[in-house]
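# Analysis of the macromolecular model
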2 protein chains.
Amino acid sequence: MSQTDQPLAYAHANRARFVTELREFVRFPSVSARPEHARDTARCAEWLADHLRRIGMEHVAVFPTRSHPLVYAEWLHAAGAPTVLIYGHYDVQPAEPLDEWHSPPFDPVESRNNLYGRGASDDKGQLLAHIKALESCLRTRGSLPVNVKCLLEGEEEIGSPNFAPFLAENKKALAADVIVASDTTMPGKDRPAITYSMRGALSLELEISGPEADLHDGHFGGIVHNPLKGLCDIVAQLQTSVGLITIPGFYDRVREVSDEERAFMASNGPTDEQLLNTAGIGRGWGERGHTLYERATIRPALTITGIAGGYQGPGPKSIIPARAVAKLNFRLVPDQDPLEIDRLSRDHIARLTPFTLRSTTKLQLAAKPVVVDRRHPLIRAAAAACYKGFGATPVFVRSGGTNPAVGAFHYELGLPTALIAFGLPDDRIHAPNEKFYLPNFHKGIATSIWFLHEVAIDREL
Amino acid sequence: MSQTDQPLAYAHANRARFVTELREFVRFPSVSARPEHARDTARCAEWLADHLRRIGMEHVAVFPTRSHPLVYAEWLHAAGAPTVLIYGHYDVQPAEPLDEWHSPPFDPVESRNNLYGRGASDDKGQLLAHIKALESCLRTRGSLPVNVKCLLEGEEEIGSPNFAPFLAENKKALAADVIVASDTTMPGKDRPAITYSMRGALSLELEISGPEADLHDGHFGGIVHNPLKGLCDIVAQLQTSVGLITIPGFYDRVREVSDEERAFMASNGPTDEQLLNTAGIGRGWGERGHTLYERATIRPALTITGIAGGYQGPGPKSIIPARAVAKLNFRLVPDQDPLEIDRLSRDHIARLTPFTLRSTTKLQLAAKPVVVDRRHPLIRAAAAACYKGFGATPVFVRSGGTNPAVGAFHYELGLPTALIAFGLPDDRIHAPNEKFYLPNFHKGIATSIWFLHEVAIDREL
């Protein structure tokens, strides 16, 4: 009998309960960006810690940070075996716009093999799959095939501001051989994927202000510079019509990708057509000379994620607003440094600000881009696990998204992360009606069980 | 004893009660732009109708429209005398942003001779001054010196969509010789003013849409055209950096104002410095070759009054929003036609819309610009009344604002409107902490009493 038989059978037998537990987990509105949800987020961390204790993990602890706590657990009795650190995040994106949800975001509904709810896919469902794998091993065999540490954070969706410092301060306690995390997307139901690169990110909030209070646009329209118009003018000047970023020096450190790597990407990654289908749009956009997949992964981007200014209710209102705010998200690629881009952006915005208005720029998130060598033995173990869990050979893909924790593991601990995707392209993460495809939850649990065993037998790890 | 002695004495003796009644009036949140306040607005109309009945006005009626009702009242027993139609509006601007109010917008507070509350100045206080003048005459002399019709609307702040049609359908019933209204601003406490021109207005809502749902900017940033960025690009292209409007044909019908009129404006209107002080800004902005007063009155303007798109909460959110909306307010001058400008704008916006996005433009308000001959006998009567009510010779000014009703009286009934200002430049109309200077309420009542008598004795009216 193989070591994985009993855990896999246990996971299979407990499918319904596992889904019930996932529903419980999704029910916490652990929206890290919203101060009013700080208590919900803390309660979610406690629930997770209790859960880890109950399945047999040890030294479970909830570490407070400046905002949302980290949950830690370990099981270190596999003498001589490698140590796997499982990473995930229990915080979620804000659920807005609420009126576009077909069911309440924090009261999960199951329909046609999908569980609908904010965070169901990103990242509660994917994270819980690993925990259920640990449970399946511990409850059947009383042990794990490797040493395991879990480090689960509550700040991923706000850029993990306290995560890298926590790693830096706890290098010894967090020592491990490899990291595994599932917080990504596979190309399709039968196409498992391992992500080997993620873009970095820089989020800025730009405020343009003018008069001290809102003014009547009848009385002052034409003689007072409108901050909202000034904001549009500045935002319009940050990019060309195809999105090329005009900030001087912005592209200086962008690493050119070799023809060999581009060929590998073309044969493993999504086609333009697949990406357009996933986005639900008819036409692509962006920088010439690159496929859509390349534009979204090995090229940087700037997205205005929100603008708020003036009156937003129904009907007209006659005002010149006193101020206006834009949220800017940069996605960065090696070897761009978010803090350098922050400085270049501030300088450029200051130059673009007319003397009749004032601008201020606040840094909200900075994360470095990261690439894992896809020939690393860790990736080999992950690929084998994927194959066994999903019944298909995984593709190796780059993600256009950002996971600051993966960067922190890379830059602080010098450790590679295996990103095994359990999410689907149509999971609508970050959007209304997010869902998790439940067969992937169960295949994810099996994949995680296999992964722990693959790491245990890999001689290079 | 003069005919005005008793009414003026009555008004003086009842000052405190009149202020109490104004507070009652301001307490209705009659926000015409907000569907959730439709009942409050209707209740406010009923209150006004009851009030008119109680002071002795006749045939008081509340006429429903497609949105908010019109209140009508008359007193027509001054045989052989002219008929004055008193216009005003009981609806108010939205009170947002609520957190910038020092006292609740609909729970008026009196402080240092000012009454604070939304609508206190625009237009409830100014409107009630005329009603209290009617009461002062009717209660003391049992009659009015002229025939009077009151037409008070609840849709001014949303552009009076049903007002001109109502006039057109009721020309006979509304027949009058002159119109009087107070919904404007005087330059300072001791400087009464009569407004002889108002700009027209065109309010459009521009929506730019792209993907069907919000997308993750990590996955799609750089390959999907962002509607919010597209909106900024279009808005930025509608005007030059000094506000000149780039819509082809926009200035074609702008009437040049004679040097003589510009000289009159310079000697009667505010200086650049006064306008900057009123706006509370250090530097002016706008079209060269014109004073600030000219830019705000005889030149058209475009103000972006609001933009809503994407995430507006605290912290970052990783989305490409599916759509974004901008509110555009044009202020127009003779002989610009709002419906022609609407068409030119739509055409231009359609040309500016890239093929990767879609744009739709909704008309929300259209009002023609209007100029009253300042040598009309009506204006002479109003000036005499101002002099007696405020103790100073009024200035004749142009307003940059819009009152669709004044345009409707001009274009539908062929009648001139005397706009006698009771508001002050620092009343913060349309902004948080709107207030009405109570001494102007009382001087306004006296001015209205004088006005009715001046019209009665003017041989040319």
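Residues numbered from 1 in each chain as written. Chains lettered and ligands numbered in written order. Predicted model: local features only at pLDDT ≥ 70, side-chain atom pairs only at ≥ 80, totals over all residues.

## Brief notes about the overall build of chain A
What counts here: We count a stretch as a helix when DSSP gives it H or I for four or more residues in a row; a strand needs E for two or more, and each element gets its number in order from the N terminus. Radius of gyration here uses only the C-alpha atoms, and the compact-globule reference equals 2.2 Å multiplied by the residue count raised to the power 0.38. The burial label depends on the number of other C-beta atoms within 10 Å of a residue's C-beta. Counts of 20 or more mean buried, 12 or fewer mean exposed, and intermediate counts mean partly exposed, with C-beta atoms placed from the backbone. Two residues qualify as a contact pair if the distance between their C-beta atoms, derived from the backbone, is within 7 Å.
Within chain A, the secondary structure is distributed over 14 helices and 18 strands. The C-alpha radius of gyration of chain A comes to 23 Å, within 12% of the 23 Å expected for a compact globule of 461 residues. Looking at the 461 residues of chain A, the share that counts as buried comes to 60%. Considering only contacts within chain A whose residues lie at least 6 apart along the sequence, 80% involve residues at least 24 apart.

## Considering the relation of the copies chain A and chain B
The following threshold applies: Least-squares superposition aligns the copies on the C-alpha atoms of those residues with pLDDT at or above 70 in both.
Laying chain A over chain B is done by rotating through 179° and shifting 0.0 Å along the axis; what remains is an RMSD of 0.1 Å. Taken together, the rotation and translation relating the two chain copies correspond to the operation of a two-fold axis. Every residue of chain A has its C-alpha some distance from the rotation axis, and the shortest such distance is that of Cys232(A), at 2.3 Å. The residues that chain A uses at the interface reappear at the interface of chain B in 99% of cases, marking a shared surface.

## Some remarks on the pairing of strand β8 (residues 193-198) of chain A
Residues and elements named next belong to chain A. To keep things clear, this is the line we draw: One bridge is not enough; two strands pair if DSSP finds at least two bridges between them.
Across the 6 residues that make up β8, a large majority, 6, are buried. Where β8 lies against strand β16 (residues 395-398), 4 bridges are found, and the strand directions are parallel. Each bridged residue has a counterpart across the sheet, and for Ala193 the counterpart in β16 is Val395. One ladder, built from 2 bridges, connects β8 with strand β17 (residues 417-420); its direction is antiparallel.

## Structural notes on the interface of chain A and chain B
The condition is simple: Residues are grouped as follows: nonpolar covers Ala, Val, Leu, Ile, Met, Phe, Trp, Tyr, Cys and Pro; charged covers Asp, Glu, Lys and Arg; every other residue, Gly included, is treated as polar.
On the chain B side, the residues contacting the 83 residues of chain A number 82 residues. Take the side of chain A that touches chain B: its biggest share by element is 9 residues, from strand β11 (residues 301-310) of chain A. Looking at the side of chain A that touches chain B residue by residue, the class counts come to 34 nonpolar, 33 polar and 16 charged. Here 5 bridges tie β11(A) to strand β11 (residues 301-310) of chain B, and the two strands are oriented antiparallel to one another. Within β11(B), the position partnered with Ala308(A) by the bridge is Ala308(B).

## Let's talk about the domain arrangement of chain A
Selection criterion: Start and end points for every domain follow an automatic or database-based domain assignment.
The domains assigned to chain A are domain 1 (5-198 + 369-457) and domain 2 (200-254 + 300-367). On the side of domain 2 of chain A, 12 residues touch domain 1 of chain A, which itself brings 8 residues to the contact.

## A closer look at helix α12 (residues 377-390) of chain A
One full turn of an α-helix is made of 3.6 residues, so residues set three or four places apart face in the same direction. All names here are of chain A. We count it as follows: Here the expected length of a helix is defined as 1.5 Å per residue gap, with one fewer gap than residues.
Between its terminal C-alpha atoms α12 stretches 20 Å, which fits the 20 Å expected from 14 residues at 1.5 Å a residue. The buried fraction of α12 amounts to 10 of the 14 residues, a majority that puts the element mostly inside the structure. Those residues of α12 lying buried are Leu378, Ile379, Ala381, Ala382, Ala383, Ala384, Ala385, Cys386, Gly389 and Phe390. Buried positions along α12 lie against β7 (178-181), β8, β17 and α14 (438-457). Among the residues trailing α12, Gly391 stands out with phi positive, at a value near 75°.

## Thoughts on the environment of Leu48(B)
Residue and element names in this part refer to chain B. Tracing the sequence through the fold places Leu48 in helix α3 (residues 38-54). What makes Leu48 buried here is the crowd of 27 C-beta atoms within 10 Å. The spatial distance from the C-alpha of Leu48 to the C-alpha of Ala213 is 46 Å, given a sequence separation of 165 residues. With sequence-adjacent residues up to four places away left out, Leu48 is seen in contact with Val71, Tyr90 and Leu152.

## Here we look at the sheet that holds β11(B)
Heads up, the condition is: Here the axes come from fitting lines to C-alpha atoms, over the contacting stretch only for helices, and the angles between their N-to-C directions go from 0 to 180 degrees.
What the 8 strands build is an open sheet, ordered β14(A)-β9(A)-β13(A)-β11(A)-β11(B)-β13(B)-β9(B)-β14(B); its pairing is antiparallel. A single partner strand is all that each edge strand has here, and the edge strands are β14 (358-367) of chain A together with β14 (358-367) of chain B. Between one strand axis and the next, the sheet turns through 20° on average, direction left out of account. Relative to strand β13 (residues 323-332) of chain A, β11(A) runs antiparallel, the two sharing 8 bridges. Counted as the bridge partner of Gly309(A) is Ala324(A) from β13(A).

## Observations regarding the packing of helix α1 (residues 5-13) of chain A against helix α4 (residues 120-141) of chain A
All names here are of chain A. The line we're drawing: Working definition: roughly parallel below 35 degrees, roughly antiparallel above 145 degrees, roughly perpendicular at 65 to 115 degrees, and oblique for all remaining angles. Rotating anticlockwise by less than a right angle from the far helix to the near helix defines a left-handed crossing, while the corresponding clockwise rotation defines a right-handed one.
Their axes nearest at 8 Å, the elements α1 and α4 cross at an angle of 120°. Looking at the two axes, α1 sits oblique to α4. Crossing hand, α1 versus α4: right-handed. Listed contacts from α4 to Gln6, Pro7, Tyr10 and Ala11 of α1 are Lys132, Ser136, Cys137, Arg139, Thr140 and Arg141.

## Section: the sheet that holds strand β4 (residues 109-111) of chain A
Residue and element names in this part refer to chain A. Ordered by their spatial adjacency, 3 strands build an open sheet running β4-β5-β18, and the pairing between neighbours is antiparallel. Looking at strand neighbours, the two that pair on one side only are β4 and β18 (435-437), the edges of this open sheet. Here the average twist between neighbouring strands, direction ignored, is 25°. Relative to β18, strand β5 (residues 114-116) is paired through 3 bridges, and the arrangement is antiparallel. Looking at the pairing, Asn114 lines up with Tyr437 of β18. Sheet strands in contact with α14 are β5 and β18, and its direction is about 60° off that of β18.

## Quick look at the packing of helix α12 (residues 377-390) of chain B against helix α14 (residues 438-457) of chain B
Residues and elements named next belong to chain B. Between α12 and α14, whose axes approach to 8 Å, the crossing angle comes to 140°. Our classification of the angle between α12 and α14 gives oblique. The chirality of how α12 crosses α14 is right-handed. Facing α12, whose interface residues are Ala381, Ala382, Ala384, Ala385, Cys386, Lys388, Gly389 and Phe390, α14 presents Lys443, Ala446, Thr447, Trp450, Phe451, Glu454 and Val455. Grouping the constituent residues of the contact of α12 with α14 by class yields 10 nonpolar, 2 polar and 3 charged.

## Considering the nonpolar core
For clarity, the cut-off: As used here, a nonpolar core is made of buried Ala, Val, Leu, Ile, Met, Phe, Trp, Tyr and Cys residues. They are joined through C-beta atoms within 7 Å.
The biggest cluster of nonpolar side chains holds 88 residues, and the ones touching the most others in it are Val84(A), Ile179(A), Ile194(A), Ala382(A) and Ala418(A). Residues Leu48(B), Leu52(B), Leu151(B) and Ile179(B) belong to the second largest nonpolar core, which totals 87 residues.

## With respect to the pairing of strand β8 (residues 193-198) of chain B
Residues and elements named next belong to chain B. The pairing of β8 with strand β16 (residues 395-399) spans 5 bridges and is classified as parallel. Bridging across to β16, Ile194 finds its partner in Phe396. In terms of strand pairing, β8 meets strand β15 (residues 370-371) through 2 bridges, oriented antiparallel. Of the residues in β15, the one forming a bridge with Met198 is Val370.

## Structural notes on α3(B)
Residues and elements named next belong to chain B. Operational definition: Note that the arc is defined by the directions from the helix axis to the C-beta atoms.
For α3, built from 17 residues, the straight-helix expectation of 24 Å at 1.5 Å per residue is met to within 8% by its first-to-last C-alpha distance of 25 Å. Turning to α3, its buried residues are Thr41, Cys44, Ala45, Leu48, Ala49, His51 and Leu52. Projected onto a plane normal to the axis of α3, the buried residues spread over an arc of 160° and lie on a single side. Of the residues in α3, the exposed ones pointing more than 90 degrees away from the buried face are Arg39 and Arg54.

## A short note on the confidence of the model for chain A
Low-pLDDT portions of the prediction should not be read for the details of their coordinates. Cut-off, in case you're wondering: Here pLDDT means the predictor's own confidence in every residue, given as a number from 0 to 100.
The share of residues in chain A with pLDDT of 70 or more is 100%, and the mean pLDDT across the chain is 96. ipTM for the predicted complex: 0.85, alongside a pTM of 0.86.

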